[in-house]
Amino acid sequence: MSTSHGIDQVDRYLRELSAALSGLPSSERDDVVAGVREHIDAALAGTDDPAAADVERVLRDLGDPLAIAAETTGRYPPRADAVPLLQREWVPAAVVLSLVLGTVFFWAVVSLVLWVLGVVLLWLSPLWRVGEKVLGTLAFPGAALAIAVPSLVTVGSGSDVDCVSAPVRSDEVIDCAGDGGTSWLPMALWPAVVVAILVGVSIVLWRRGAARIPR
Amino acid sequence: MVPGDGPLLANLRRGALEYCVLALLRRDESYGLDIAQALSSDGVLIGSEGTLYPLLSRLRRGGLVTTSWRESPAGPPRRYYTLTTKGTAALQDFEQVWVPFRNAVDRALTGEPA
């Protein structure tokens with residue numbers, strides 16, 4: 001009878017402690033509760049059947065769960081619902097994903113709306129500095145233009161077709177050496193470079209924003 | 001119960017308690033129950049033993065201590081706390097600040113000349 005009573009008391013105490021710590025992120029709450037549980041186990045070690053009096057003494061020495069929770073005030077991160085909406089954990093991801101998706105699928109109205117929302121969130125949120133906000137606003141459309149425009153221009157000019165099929169006029173010098181073989185290379189490389197820069201910008205925005213989330 | 005076990009003492013503890021824990025670990029690594037009992041023996045440094053655990057959690061997250069499990073002769077394995085080099089450095093910094101501070105406060109209280 002005393003065994004189950006002792007264990008019940010311990011369980012009840014640990015539940016109260018966990019509830020008192022409910023304002024903490026779960027990893028830290030679990031950390032503290034685990035430490036206290038180990039303390040209790042060590043204090044009652046050697047007896048499978050701790051007497052109620054021993055259990056009460058150990059729990060009394062540990063003290064009021066609210067007093068333990070009070071030790072965490074002011075130095076632990078704020079309660080989840082005390083953090084302003086625009087500074088919460090999901091904001092950096094939402095902004096970056098909105099900007100990326102809005103840019104990649106720019107022909108779709110839904111994506112454009114998404115992009116606008118991403119930009120609005122970026123500017124309203126305190127998680128980024130002005131320079132970072134400007135970067136985030138300009139980088140994605142700038143990249144889309146940088147990829148789209150040259151490919152439109154080279155498709156229109158058809159320079160390798162001229163080199164191969166047009167008759168060479170004596171007063172015109174057309175240098176075809178090596179053009180046919182290498183003209184595709186910059187076209188493939190340029191978008192890759194731009195995408196790499198965009199990935200870099202996305203990562204920078206995400207990490208900078210996430211680093212400023214209140215914790 | 002120490003006289004004045006209220007906000008005043010709580011504030012003073014807040015500044016110094018973690019360094020007392022680090023100092024205890026500098027002498028030897030130890031486990032939670034042992035640390036709690038050592039610090040609570042005079043009732044001054046620590047109010048109730050449970051208040052040690054948020055502090056230990058903070059020290060570990062800050063990289064000032066690490067933990068490891070060891071078998072114990074009686075009962076379940078115990079989690080031992082060990083001071084890291086970062087913790088040793090933090091403790092030394094505290095000692096350099098604390099000792100002159102403590103001396104200055106004592107002198108001010110007793111009216112001794114500087």
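Further up the page is the structure itself.
A quick note: this is a predicted structure, and the numbers were derived from the prediction, not measured.

Asker: Which parts of the structure should I look at to understand the nonpolar core?
Answerer: Side chains of nonpolar character tend, in soluble globular proteins, to be buried together. Within the largest apolar cluster, 38 residues are counted, with the highest numbers of intra-cluster contacts made by A:Ile40, B:Val21, B:Ile35 and B:Leu52. For this core, the element with the most residues is helix H1 (residues 7-27) of chain B, which contributes 6 residues. Contact partners of B:Leu52, with chain neighbours within four places excluded, come to B:Val21, B:Gly32, B:Ile35, B:Ala36, B:Leu39 and B:Ile46. Core analysis: the second largest hydrophobic core is formed by 18 residues, A:Val91, A:Val96, A:Val119 and A:Leu121 among them.

Asker: I tried to follow the pairing of strand E3 (residues 78-83) of chain B on my own but got confused; where do I start?
Answerer: Regular strands place side chains that alternate from one sheet face to the opposite one. All names here are of chain B. Burial analysis of E3 places 5 of its 6 residues in the buried class, the great majority of the element. Pairing analysis gives 2 bridges linking strand E1 (residues 30-31) to E3, with the strands arranged antiparallel. Bridged to Tyr31 within E3 is Tyr80.

Asker: I'm lost on the sheet that holds strand E2 (residues 65-70) of chain B in this one. Help?
Answerer: By way of backbone hydrogen bonds, the strands of a sheet pair with one another, either parallel or antiparallel. Residue and element names in this part refer to chain B. Here 3 strands make up an open sheet; going across it, the order is E1-E3-E2 and the pairing antiparallel. Only two strands of the sheet have a single partner each, and these edge strands are E1 and E2. Packing against the sheet, H1 makes contact with E1, E2 and E3, and its axis sits at approximately 100° to E3.

Asker: How do you make sense of the packing of aromatic side chains when you look at a structure like this?
Answerer: Centre distance and the angle of the planes are the two values used to describe a pair of aromatic rings. Residues and elements named next belong to chain B. In the structure shown here, the tally under the stated rule is 5 aromatic pairs over all chains. For the ring pair Tyr19 and Phe94, a centre distance of 4.1 Å and an interplane angle of 5° mean the geometry is stacked. Pair noted here: Tyr19 is in helix H1 and Phe94 is in helix H4 (residues 85-110), with a separation of 75 residues, a long-range link. Under the relative-accessibility criterion, Tyr19 is labelled partly exposed at 21%. Stacked on the ring of Tyr80, the Lys or Arg Arg70 has its end atom at 5.3 Å from the ring centre. Seen from the ring of Tyr31, Arg78 lies directly overhead, with NZ or CZ sitting 4.2 Å from the centre.

Here is what the cut-offs are and how they apply
The residue numbers shown here count from 1 along each chain, following its written sequence. Lettering for chains starts from A, numbering for ligands starts from 1, and both go in the order in which the items are written. Totals for whole chains, interfaces and linings use every residue, but because this is a predicted model, local features are given only for residues with pLDDT of at least 70 and side-chain atom pairs only at 80 or more, for both listing and counting. Excluded from the side-chain calculation are hydrogens and water; included are all heavy atoms of the structure. To form a nonpolar core, buried Ala, Val, Leu, Ile, Met, Phe, Trp, Tyr and Cys residues must be joined to one another through side-chain atoms within 4.5 Å. Each residue is assigned to one of three classes by its accessible area relative to the maximum for its type, calculated with a 1.4 Å probe on protein chains only: buried under 20%, partly exposed between the two thresholds, exposed over 50%. Strands here mean DSSP runs of E at least two residues long; helices mean DSSP runs of H or I at least four residues long; both are numbered from the N terminus. The contact rule is simple, with two residues in contact once any of their heavy atoms fall within 4.5 Å. Strands pair, by our definition, only if DSSP identifies at least two bridges between them. Throughout, an axis means a line fitted to C-alpha atoms (over the contacting stretch in the case of helices), and angles, computed between N-to-C directions, take values from 0 to 180 degrees. Note on ring pairs: Phe, Tyr and Trp rings are taken, using the six-membered ring of Trp, and paired if centres are within 6.5 Å. Classes follow the plane angle, with under 30 degrees stacked, over 60 edge-to-face and the rest tilted. Any Lys NZ or Arg CZ that is within 6 Å of a ring centre and within 35 degrees of that ring's normal is treated as a charge sitting over the ring.

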